[in-house]
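One letter stands for each residue in the lines below.
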Amino acid sequence: MTEDKERRGAFYGRRIGKSLRGAQQDAMVRLLPRYRLSLDEGATPTALFPHTPEGLWLEIGFGGGEHLLSHAARRPGFGFIGVEPFINGMARMLVDLEKAGLANIRLFDMDAALLLDRLPDGCLEGADLFYPDPWPKRRHWKRRFVRADNLDRLARVIRRGGTFRVASDVPHYVGWTLAEVRAHGAFRWTAETADDWRTPYPHWPGTRYEAWAMDCGRTPTYLTFKRT
Ligand SMILES: C[S@@+](CC[C@H](N)C(=O)[O-])C[C@H]1O[C@@H](n2cnc3c(N)ncnc32)[C@H](O)[C@@H]1O
(Lines give C-alpha, C1' and ligand atoms only; values in the text may rest on other atoms or scores of the structure.)
Protein backbone atom coordinates (compact mmCIF):
# COMPACT_ATOMS: atom_id res chain seq x y z
CA MET A 1 0.00 0.00 0.00
CA THR A 2 1.41 3.43 -0.86
CA GLU A 3 1.82 5.96 1.93
CA ASP A 4 -0.92 8.13 0.43
CA LYS A 5 -3.37 5.20 0.20
CA GLU A 6 -2.55 4.32 3.80
CA ARG A 7 -3.23 7.89 4.90
CA ARG A 8 -6.60 7.92 3.11
CA GLY A 9 -7.59 4.47 4.38
CA ALA A 10 -9.56 1.98 2.32
CA PHE A 11 -11.64 4.57 0.47
CA TYR A 12 -12.61 3.18 -2.95
CA GLY A 13 -14.64 6.02 -4.50
CA ARG A 14 -13.62 9.05 -6.54
CA ARG A 15 -11.74 11.83 -4.77
CA ILE A 16 -11.99 14.41 -7.55
CA GLY A 17 -14.62 15.22 -10.18
CA LYS A 18 -14.73 18.42 -12.23
CA SER A 19 -11.91 20.86 -11.46
CA LEU A 20 -12.90 23.38 -8.85
CA ARG A 21 -13.44 27.00 -9.78
CA GLY A 22 -14.34 30.29 -8.13
CA ALA A 23 -16.15 30.10 -4.79
CA GLN A 24 -15.58 26.34 -4.35
CA GLN A 25 -11.85 26.57 -4.98
CA ASP A 26 -11.64 29.55 -2.64
CA ALA A 27 -13.63 27.62 0.01
CA MET A 28 -11.19 24.70 -0.09
CA VAL A 29 -8.24 27.03 0.51
CA ARG A 30 -9.84 29.40 2.99
CA LEU A 31 -12.41 27.31 4.87
CA LEU A 32 -11.24 23.70 4.88
CA PRO A 33 -8.43 24.42 7.40
CA ARG A 34 -11.02 26.05 9.69
CA TYR A 35 -13.57 23.21 9.65
CA ARG A 36 -11.40 20.15 9.03
CA LEU A 37 -10.62 18.00 12.04
CA SER A 38 -7.39 16.05 12.34
CA LEU A 39 -7.33 12.39 13.30
CA ASP A 40 -5.72 13.33 16.62
CA GLU A 41 -8.65 15.61 17.44
CA GLY A 42 -10.94 12.61 16.95
CA ALA A 43 -9.85 11.31 20.36
CA THR A 44 -11.63 14.20 22.15
CA PRO A 45 -14.55 15.03 19.87
CA THR A 46 -16.48 17.14 22.39
CA ALA A 47 -13.58 19.63 22.28
CA LEU A 48 -14.18 20.22 18.57
CA PHE A 49 -16.92 22.78 19.15
CA PRO A 50 -17.08 26.19 20.87
CA HIS A 51 -19.61 24.83 23.40
CA THR A 52 -19.68 21.36 24.96
CA PRO A 53 -22.24 19.56 22.80
CA GLU A 54 -25.30 17.83 24.29
CA GLY A 55 -24.52 14.93 21.97
CA LEU A 56 -22.46 14.05 18.90
CA TRP A 57 -23.74 12.86 15.52
CA LEU A 58 -21.73 11.57 12.57
CA GLU A 59 -22.72 11.64 8.90
CA ILE A 60 -20.65 9.39 6.64
CA GLY A 61 -20.43 10.39 2.96
CA PHE A 62 -22.46 13.60 3.21
CA GLY A 63 -22.12 14.32 -0.55
CA GLY A 64 -23.00 18.01 -1.02
CA GLY A 65 -24.03 18.32 2.65
CA GLU A 66 -27.77 19.02 2.18
CA HIS A 67 -28.83 16.75 5.03
CA LEU A 68 -25.92 17.54 7.34
CA LEU A 69 -26.58 21.30 7.14
CA SER A 70 -30.28 20.88 7.77
CA HIS A 71 -29.71 18.45 10.67
CA ALA A 72 -27.13 20.72 12.33
CA ALA A 73 -29.32 23.81 11.93
CA ARG A 74 -32.20 21.97 13.60
CA ARG A 75 -30.12 20.80 16.57
CA PRO A 76 -27.78 23.65 17.51
CA GLY A 77 -26.94 22.05 20.87
CA PHE A 78 -25.45 19.01 19.16
CA GLY A 79 -22.01 18.68 17.57
CA PHE A 80 -21.92 17.20 14.07
CA ILE A 81 -19.02 15.55 12.31
CA GLY A 82 -19.38 15.13 8.56
CA VAL A 83 -17.13 12.87 6.52
CA GLU A 84 -16.66 13.22 2.76
CA PRO A 85 -13.50 12.31 0.85
CA PHE A 86 -14.92 13.53 -2.51
CA ILE A 87 -13.37 16.97 -2.91
CA ASN A 88 -16.16 18.44 -5.04
CA GLY A 89 -18.74 17.50 -2.37
CA MET A 90 -16.55 18.95 0.37
CA ALA A 91 -16.12 22.21 -1.59
CA ARG A 92 -19.88 22.57 -2.09
CA MET A 93 -20.47 21.91 1.59
CA LEU A 94 -17.91 24.52 2.67
CA VAL A 95 -19.51 27.24 0.54
CA ASP A 96 -22.94 26.49 2.03
CA LEU A 97 -21.58 26.07 5.56
CA GLU A 98 -20.08 29.54 5.51
CA LYS A 99 -23.39 30.99 4.31
CA ALA A 100 -25.28 29.09 7.04
CA GLY A 101 -22.83 30.32 9.71
CA LEU A 102 -23.19 27.16 11.83
CA ALA A 103 -20.63 26.59 14.59
CA ASN A 104 -21.64 23.00 15.33
CA ILE A 105 -20.18 21.22 12.28
CA ARG A 106 -16.65 19.87 11.77
CA LEU A 107 -15.50 18.00 8.70
CA PHE A 108 -13.21 15.10 7.88
CA ASP A 109 -12.06 14.46 4.30
CA MET A 110 -10.75 10.89 4.30
CA ASP A 111 -12.14 7.37 4.78
CA ALA A 112 -14.65 7.40 7.66
CA ALA A 113 -13.10 4.17 9.00
CA LEU A 114 -9.93 6.10 9.92
CA LEU A 115 -11.93 8.54 12.02
CA LEU A 116 -14.13 5.85 13.57
CA ASP A 117 -10.96 4.15 14.83
CA ARG A 118 -9.97 7.31 16.71
CA LEU A 119 -13.30 8.17 18.32
CA PRO A 120 -13.81 7.17 21.97
CA ASP A 121 -16.13 4.29 22.92
CA GLY A 122 -19.83 5.18 23.03
CA CYS A 123 -19.27 8.84 22.15
CA LEU A 124 -21.92 9.09 19.42
CA GLU A 125 -25.63 9.57 19.81
CA GLY A 126 -26.05 8.54 16.21
CA ALA A 127 -24.50 7.95 12.81
CA ASP A 128 -26.00 8.38 9.33
CA LEU A 129 -25.02 6.68 6.11
CA PHE A 130 -27.24 7.94 3.30
CA TYR A 131 -26.97 6.41 -0.16
CA PRO A 132 -23.62 4.70 0.29
CA ASP A 133 -21.90 3.80 -2.99
CA PRO A 134 -23.74 0.65 -4.14
CA TRP A 135 -20.85 -1.20 -5.82
CA PRO A 136 -23.26 -3.29 -7.91
CA LYS A 137 -20.73 -5.77 -9.33
CA ARG A 138 -20.35 -8.89 -7.24
CA ARG A 139 -16.56 -8.65 -7.24
CA HIS A 140 -16.88 -5.17 -5.64
CA TRP A 141 -19.37 -6.04 -2.89
CA LYS A 142 -16.54 -6.25 -0.39
CA ARG A 143 -16.03 -2.50 -0.93
CA ARG A 144 -19.50 -1.69 0.40
CA PHE A 145 -19.32 0.46 3.53
CA VAL A 146 -21.82 -1.74 5.38
CA ARG A 147 -19.72 -4.77 6.23
CA ALA A 148 -18.58 -6.51 9.40
CA ASP A 149 -15.43 -4.45 10.11
CA ASN A 150 -17.26 -1.12 9.75
CA LEU A 151 -20.19 -2.39 11.81
CA ASP A 152 -17.66 -3.28 14.54
CA ARG A 153 -16.37 0.28 14.36
CA LEU A 154 -19.86 1.78 14.51
CA ALA A 155 -20.95 -0.53 17.31
CA ARG A 156 -17.99 0.61 19.41
CA VAL A 157 -18.58 4.34 19.01
CA ILE A 158 -22.39 4.56 19.04
CA ARG A 159 -23.72 4.54 22.59
CA ARG A 160 -26.16 1.81 23.67
CA GLY A 161 -29.64 2.94 22.59
CA GLY A 162 -28.06 5.24 19.99
CA THR A 163 -29.12 5.37 16.35
CA PHE A 164 -27.65 4.16 13.05
CA ARG A 165 -29.51 5.13 9.86
CA VAL A 166 -28.90 3.82 6.34
CA ALA A 167 -30.85 5.02 3.30
CA SER A 168 -30.49 3.40 -0.10
CA ASP A 169 -32.21 3.33 -3.49
CA VAL A 170 -30.67 -0.04 -4.41
CA PRO A 171 -32.78 -3.03 -3.37
CA HIS A 172 -29.76 -5.32 -3.29
CA TYR A 173 -27.91 -2.95 -0.95
CA VAL A 174 -30.97 -2.74 1.31
CA GLY A 175 -31.18 -6.53 1.59
CA TRP A 176 -27.41 -6.69 2.01
CA THR A 177 -27.52 -4.11 4.83
CA LEU A 178 -30.29 -5.93 6.67
CA ALA A 179 -28.40 -9.23 6.38
CA GLU A 180 -25.03 -7.77 7.44
CA VAL A 181 -26.52 -5.90 10.40
CA ARG A 182 -28.49 -8.92 11.52
CA ALA A 183 -25.44 -11.20 11.28
CA HIS A 184 -23.36 -8.65 13.19
CA GLY A 185 -25.76 -8.58 16.12
CA ALA A 186 -25.04 -5.19 17.74
CA PHE A 187 -27.96 -3.31 16.18
CA ARG A 188 -31.72 -3.87 16.11
CA TRP A 189 -33.80 -2.82 13.09
CA THR A 190 -36.66 -0.72 14.47
CA ALA A 191 -39.19 -1.18 11.63
CA GLU A 192 -42.59 -2.54 12.58
CA THR A 193 -44.58 -1.83 9.43
CA ALA A 194 -43.65 -1.20 5.80
CA ASP A 195 -44.34 2.51 6.29
CA ASP A 196 -41.33 2.61 8.61
CA TRP A 197 -38.92 1.99 5.74
CA ARG A 198 -40.95 3.70 3.01
CA THR A 199 -41.46 6.99 4.83
CA PRO A 200 -38.55 9.46 4.89
CA TYR A 201 -36.97 10.23 8.26
CA PRO A 202 -38.57 13.08 10.25
CA HIS A 203 -37.48 16.51 8.94
CA TRP A 204 -35.90 14.83 5.91
CA PRO A 205 -34.63 17.51 3.50
CA GLY A 206 -33.71 15.02 0.76
CA THR A 207 -30.24 14.82 -0.70
CA ARG A 208 -28.80 15.53 -4.10
CA TYR A 209 -28.14 11.87 -4.79
CA GLU A 210 -31.65 10.91 -3.70
CA ALA A 211 -33.21 13.46 -6.06
CA TRP A 212 -31.19 12.02 -8.94
CA ALA A 213 -32.09 8.43 -8.01
CA MET A 214 -35.79 9.31 -7.88
CA ASP A 215 -35.56 11.05 -11.26
CA CYS A 216 -34.20 7.73 -12.55
CA GLY A 217 -37.34 6.02 -11.21
CA ARG A 218 -35.76 4.39 -8.15
CA THR A 219 -37.46 4.19 -4.75
CA PRO A 220 -35.68 5.10 -1.51
CA THR A 221 -35.65 2.86 1.54
CA TYR A 222 -35.02 4.42 4.95
CA LEU A 223 -33.63 2.03 7.55
CA THR A 224 -33.22 2.88 11.22
CA PHE A 225 -31.28 0.70 13.67
CA LYS A 226 -30.74 1.04 17.42
CA ARG A 227 -27.52 0.02 19.14
CA THR A 228 -28.46 -2.78 21.53
C1 LIG B 1 -23.71 8.01 -3.64
S2 LIG B 1 -22.92 9.24 -2.73
C3 LIG B 1 -24.21 9.86 -1.66
C4 LIG B 1 -23.88 11.22 -1.09
C5 LIG B 1 -24.94 11.82 -0.14
N6 LIG B 1 -25.09 11.03 1.06
C7 LIG B 1 -26.27 12.02 -0.84
O8 LIG B 1 -27.22 11.30 -0.47
O9 LIG B 1 -26.35 12.90 -1.72
C10 LIG B 1 -21.90 8.35 -1.57
C11 LIG B 1 -20.84 9.21 -0.92
O12 LIG B 1 -20.14 8.45 0.06
C13 LIG B 1 -18.79 8.86 0.05
N14 LIG B 1 -17.99 7.76 0.61
C15 LIG B 1 -17.71 6.58 0.01
N16 LIG B 1 -16.92 5.83 0.79
C17 LIG B 1 -16.68 6.55 1.91
C18 LIG B 1 -15.91 6.32 3.08
N19 LIG B 1 -15.20 5.20 3.23
N20 LIG B 1 -15.90 7.27 4.03
C21 LIG B 1 -16.62 8.41 3.85
N22 LIG B 1 -17.35 8.70 2.76
C23 LIG B 1 -17.37 7.78 1.80
C24 LIG B 1 -18.50 9.14 -1.43
O25 LIG B 1 -17.41 10.01 -1.61
C26 LIG B 1 -19.79 9.72 -1.91
O27 LIG B 1 -19.80 11.12 -1.88
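In short, a report on the structure. Along each chain, the written sequence defines residue order, and numbers are assigned to residues from 1. Only residues with pLDDT of at least 70 get local features here, since the model is predicted, and only at 80 or more are side-chain atom pairs given and counted; chain-wide, interface and lining totals rely on the full set of residues. Processing note: side-chain calculations cover all non-hydrogen atoms of the structure and skip hydrogens and water entirely.

### Observations concerning the overall build of the protein
Secondary structure follows DSSP: runs of H or I at least 4 residues long count as helices, runs of E at least 2 residues long count as strands, and numbering of each begins at the N terminus. Helix and strand content of the protein: 10 helices and seven strands. C-alpha atoms define the radius of gyration in this analysis, and the globule rule sets the expected value at 2.2 Å times the number of residues to the power 0.38. Against the compact-globule benchmark of 17 Å for 228 residues, the protein has a radius of gyration of 17 Å, which places it among compact chains. In terms of principal-axis extent, the alpha carbons of the protein reach across some 45 × 40 × 40 Å. Only protein chains enter the accessibility calculation, which uses a 1.4 Å probe. A residue is then buried if its area is under 20% of the maximum for its type, exposed if over 50%, and partly exposed in between. Residues counted as buried form 50% of the 228 residues belonging to the protein.

### Regarding the packing of helix α2 (residues 22-30) against helix α5 (residues 87-100)
Put simply, α2 and α5 touch, their axes get as near as 8 Å, and they point 85 degrees apart. As far as their axial angle goes, α5 and α2 are roughly perpendicular. Between α2, through Ala23, Gln24, Ala27, Met28 and Arg30, and α5, the contact on the second element is made entirely by Ile87, Asn88, Met90, Ala91, Arg92, Leu94, Val95 and Glu98. Lines fitted to the C-alpha atoms define the axes, with helices restricted to the stretch that makes contact. Angles between their N-to-C directions range from 0 to 180 degrees. Geometric relationships in this document are graded by angle, where less than 35 degrees denotes roughly parallel, more than 145 denotes roughly antiparallel, 65 to 115 denotes roughly perpendicular, and other angles denote oblique. We call two residues in contact when some of their heavy atoms are within 4.5 Å.

### Looking at the environment of Leu223
As for its placement among the helices and strands, Leu223 is situated in strand β7 (residues 221-227). Taking C-alpha positions, Leu223 is 13 Å from Trp204, a pair spaced 19 residues apart along the chain. Not counting residues up to four positions away in its chain, the partners in contact with Leu223 are Phe164, Arg165, Val166, Val174, Thr177, Leu178, Trp189, Trp197 and Tyr201.

### Details of the nonpolar core
In this description, a nonpolar core means a group of buried Ala, Val, Leu, Ile, Met, Phe, Trp, Tyr and Cys residues linked to one another through side-chain atoms lying within 4.5 Å. Within the largest apolar cluster, 39 residues are counted, with the highest numbers of intra-cluster contacts made by Leu58, Leu124, Leu154, Phe164 and Phe187. When sequence neighbours within four positions are dropped, the list of residues in contact with Leu58 reads Ile81, Val83, Leu115, Leu116, Leu124, Gly126, Ala127 and Asp128.

### Looking at the site of the ligand
Here a residue is near a molecule or strand as soon as one of its heavy atoms is found within 4 Å of it. Lining the immediate environment of the ligand, one finds 18 residues, of which Gly61, Glu84, Asp111, Phe130 and Thr207 sit closest. Here Asp111 contributes a side-chain N or O atom positioned 2.8 Å from a nitrogen atom of the ligand. Residues adjacent in sequence count toward polar contacts only when both atoms are side-chain atoms; beyond that, a polar contact is any pair of N or O atoms within 3.5 Å, and within protein one must be able to donate a hydrogen and the other to accept it. Between the ligand and Ala112, the relevant distance is 3.0 Å, taken from a nitrogen atom to a main-chain nitrogen or oxygen of the residue. Residue composition of the shell around the ligand, by class: 11 nonpolar, three polar and four charged. Here the term charged refers only to Asp, Glu, Lys and Arg, the term nonpolar to Ala, Val, Leu, Ile, Met, Phe, Trp, Tyr, Cys and Pro, and the term polar to all other amino acids, Gly among them.

### Considering the side chain of Asn150
Following the sequence through the fold, Asn150 ends up in helix α7 (residues 148-157). At a separation of 2.9 Å, a polar atom in the side chain of Asn150 contacts the main-chain carbonyl oxygen of Phe145.

### Topic: the side chain of Thr221
By the secondary structure assignment, Thr221 is in strand β7. Of the residues examined, Thr221 reaches a relative accessible area of 13% and is grouped as buried.

### A word on the pairing of strand β1 (residues 56-60)
Burial of β1 is extensive: five of the five residues sit out of reach of the surface. With burial as the criterion, each face of β1 is covered, one bearing Leu56, Leu58 and Ile60 and the other bearing Trp57 and Glu59. Paired strands, in this sense, are two strands between which DSSP finds at least two bridges. Of the strand pairs in this sheet, β1 and strand β2 (residues 79-83) are connected by five bridges, and their pairing is parallel. Across the sheet, residue Leu56 finds its bridge partner in β2, namely Gly79. Handedness of a crossover: with both strands directed away from the viewer, a clockwise path from the first strand across the helix to the second marks it as right-handed. Handedness of the crossover joining β1 and β2 through helix α4 (residues 66-74) is recorded here as right-handed. Here β1 runs beside strand β4 (residues 124-130); their pairing, made up of four bridges, is parallel.

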